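Reading the structure
For reference, the chains in residue letters:
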Amino acid sequence: MSFENRTYTAEVTPGESATIAGWVHEVRDLGGIAFLIVRDKTGKLQVKIEKDEMDEELVESSLDVARESVVSFTGDVKEEPRAPTDVELVPEEFELVAPADTELPLDPSGKVDAELPTRLDNRTLDLRKPEVKAIFEIRAEVLRAAREYFRSEGCTEINTPKIVATGTEGGTELFPISYFGEEAFMNQSPQLFKQLMAGSGLERVFEIGPIFRAEEHNTPRHLNEATSIDFEGTFCDHEDAMDVVEGIVVAAYEAVSENCEEQLEALDMADAFEVPEGGFPRLTYEEALDRINATGELDERLVYGDDLSTEAERALGEEIGSHYFIMDWPSEIKPFYIKDYDDDAETSTGFDLMHPSMELVSGGQREHRYDPLVEGFEQQGLDPDEFEYYTKMFKYGMPPHAGWGLGAERLVMTMLGLGNIREAVLFPRDRQRLSP
RNA sequence: GCCCGGGUGGUGUAGUGGCCCAUCAUACGACCCUGUCACGGUCGUGACGCGGGUUCAAAUCCCGCCUCGGGCGCCA
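Residues numbered from 1 in each chain as written. Chains lettered and ligands numbered in written order. Predicted model: local features only at pLDDT ≥ 70, side-chain atom pairs only at ≥ 80, totals over all residues. Heavy atoms only, no water.

**Observations regarding the protein's contact with RNA strand B**
- The immediate surroundings of RNA strand B are formed by 54 residues, with Glu26, Arg28, Asp29, Glu216 and Thr310 found nearest.
- A breakdown of the atoms of RNA strand B within 4 Å of the protein gives sugar and phosphate a share of 58%.
- In the environment of RNA strand B, a phosphate oxygen lies 3.4 Å from a nitrogen or oxygen atom belonging to the side chain of Ser362.
- Secondary structure elements with two or more residues in the surface near RNA strand B: strand S1 (17–29), strand S2 (33–40), strand S3 (43–50), helix H2 (116–121), helix H9 (310–320), strand S17 (358–365) and strand S18 (401–407).
- Broken down by element, the surface near RNA strand B gets its largest block of residues, four residues, from S17.
- Residues of the surface near RNA strand B, tallied by class, amount to 15 nonpolar, 16 polar and 23 charged. (Near = heavy atom within 4 Å. Polar contact = N/O pair within 3.5 Å; in protein donor to acceptor, adjacent residues only side chain to side chain. Helix = DSSP H or I, 4+ residues; strand = E, 2+ residues; numbered from the N terminus. Nonpolar A, V, L, I, M, F, W, Y, C, P; charged D, E, K, R; others polar.)

Here it is in structure tokens:
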């Protein structure tokens, strides 16, 4: 068995001999003639089996394969207007490379739908459907575009620990683990580490990596293990950080629009796909409240100091209809490590980037002054000593800096209009699912 | 964490007390078919999550368990 000369189905040349290898998508046996559709990464190719004119053993063995078996055919590629792709392969050799059971746990040909849990239990088969494969090819393109944009912004990619001794800000639930008998946790955010690295000589850093949240939520937009796209930059204020995230989001959409035509086609959204224009509206928290109240969608008017409920976010998203920022939040509803305005201690530099349907990003300018930072820990009821590894670096020249974290799955989900965030992760971790 | 709704052949479904030894599609098996492209045709195999209860009678009603999905809170 050798696949050195294997040709992808999309790359066969009429008039030449070729060896193709892939999965049996379907067998259509019409009696004297049969068609076998072979699928690979690039597409599908029809193999013609003429029973009277071909080697009996080849006919028999090739028509005996079950769907989704892996096969290889060698033969002449012929131009044929009656074939689905205008070419077909007339085989001389056949090999059953890896057989498949006849009963499949889901149908990759898409004739019968499967529910999400069934699909997630059988992801390998699920990704044989072009529209599912397309999601992950697009996800890869989004991450590639993000990396490229960060580099064009002079950022260095870093990797920080996911096993940590303490949480980031205390609030969210962490997954406890045992670290050689010592209590440890899965990190909920690279927040503290990326700040430490911005304050090193690297200055502008980014990280794309997993974050872990032990919240027992059960919604189509939450995961217990997610991928966070994080940025932190020195001598930046929150508005500079907003510029960067806006650039990333637009760059990701542009890259998908330019390089994933086939995938968008598979998702049936080639025509509907729109690259958002930059210059996302930047609403202050108070403007946001006013606009939400003006919609009349909520039973109760929001007042200053209220956090935005899911319902409120949706009403505002519908009203605005595009990505938008909410900034100038009341300090009390933003984390303590986000800096307040120097001339207004009641207002935080924290911001959120919203897609009309949900929150995508949260960020802000960080508190870089040692004393207010340590006070912040104390006010949160956290022991500053536990975070000494972090706070002490603020004693050795920590420049002003700002940054944000962007949920990669939410970016992909909102970009493609997926109904469930689990669609944007190969092997999602949620309240009910730990395997596969 | 609080609340709501589901679990029927491999897959997706119909069925809300007797019409159900359970519908349809697809898959699977057998046979027929020389241009299919969701190929077609004939026949066939295959299922009520688990345990208890109510009833003359339970897929259907009740209780418990298991399991899945969703809404809110919180967040990326």
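**Examining the pattern of salt bridges**
- According to the stated counting rule, one finds 34 salt bridges in the structure shown.
- Residue Glu141 is joined to Arg144 by a salt bridge in which the shortest nitrogen-to-oxygen separation is 2.8 Å. Here Arg144 and Glu141 lie together in helix H4 (residues 130–152), a separation of three residues that amounts to about one turn.
- On the basis of relative accessible area, Glu141 is assigned to the buried category, the value being 12%. (Salt bridge = Lys/Arg side-chain N within 4 Å of Asp/Glu carboxyl O. Buried < 20%, exposed > 50% of the residue type's maximum accessible area, 1.4 Å probe, protein only.)

**Re the sheet that holds strand S12 (residues 282–284)**
- An order of S6-S10-S11-S18-S17-S16-S13-S12 is seen for the eight strands of this open sheet, with the pairing classed as mixed. Edge positions in the sheet fall to strand S6 (156–157) and S12, since each of these pairs with one other strand and no more.
- Sheet topology places S6 next to strand S10 (residues 204–212); two bridges connect them, and they run parallel. Within S10, the residue paired with Glu157 across the bridge is Phe206.
- Packed on one face of the sheet, helix H6 (residues 238–259) meets S10, strand S11 (225–234), S12, strand S13 (324–327), strand S16 (351–355), S17 and S18 and runs near 30° to S18.
- Running over the sheet, helix H12 (residues 408–416) touches S11, S16, S17 and S18 and is turned about 135° from S17. (Pairing = 2+ DSSP bridges. Contact = heavy atoms within 4.5 Å. Axes fitted to C-alpha atoms, helices over the stretch in contact; angles between N-to-C directions.)

**Overview of the packing of helix H8 (residues 285–295) against H9**
- In contact at an axis separation of 9 Å, H8 and H9 are set at 90° when each is read in the N-to-C sense. Taken as axis vectors, H8 and H9 run roughly perpendicular relative to one another. In this structure, H8 uses Ala288, Arg291, Ile292 and Thr295 to contact H9, whose residues at the interface are Ala312, Ala315, Leu316, Glu319 and Ile320.
- Here the residues of the contact of H8 with H9 sort into six nonpolar, one polar and two charged. (Parallel < 35°, antiparallel > 145°, perpendicular 65-115°, else oblique.)

**As for the confidence of the model for chain A**
- For chain A, per-residue confidence averages 93 on the pLDDT scale, and residues scoring 70 or more make up 98% of the total.
- Scored by ipTM, the complex comes to 0.91, with pTM at 0.95. (pLDDT = per-residue confidence, 0-100.)

**Some remarks on the nonpolar core**
- The biggest cluster of nonpolar side chains holds 54 residues, and the ones touching the most others in it are Ile138, Phe150, Trp404, Met415 and Leu416.
- No other element matches H6, which puts 10 residues into this core.
- Dropping the residues within four chain positions of it, Leu416 is found in contact with Ile135, Ile138, Leu264, Leu267 and Met269.
- Val12, Val38, Met54 and Leu58 belong to the second largest nonpolar core, which has 20 residues in total. (Core = buried A, V, L, I, M, F, W, Y, C linked by side-chain atoms within 4.5 Å.)

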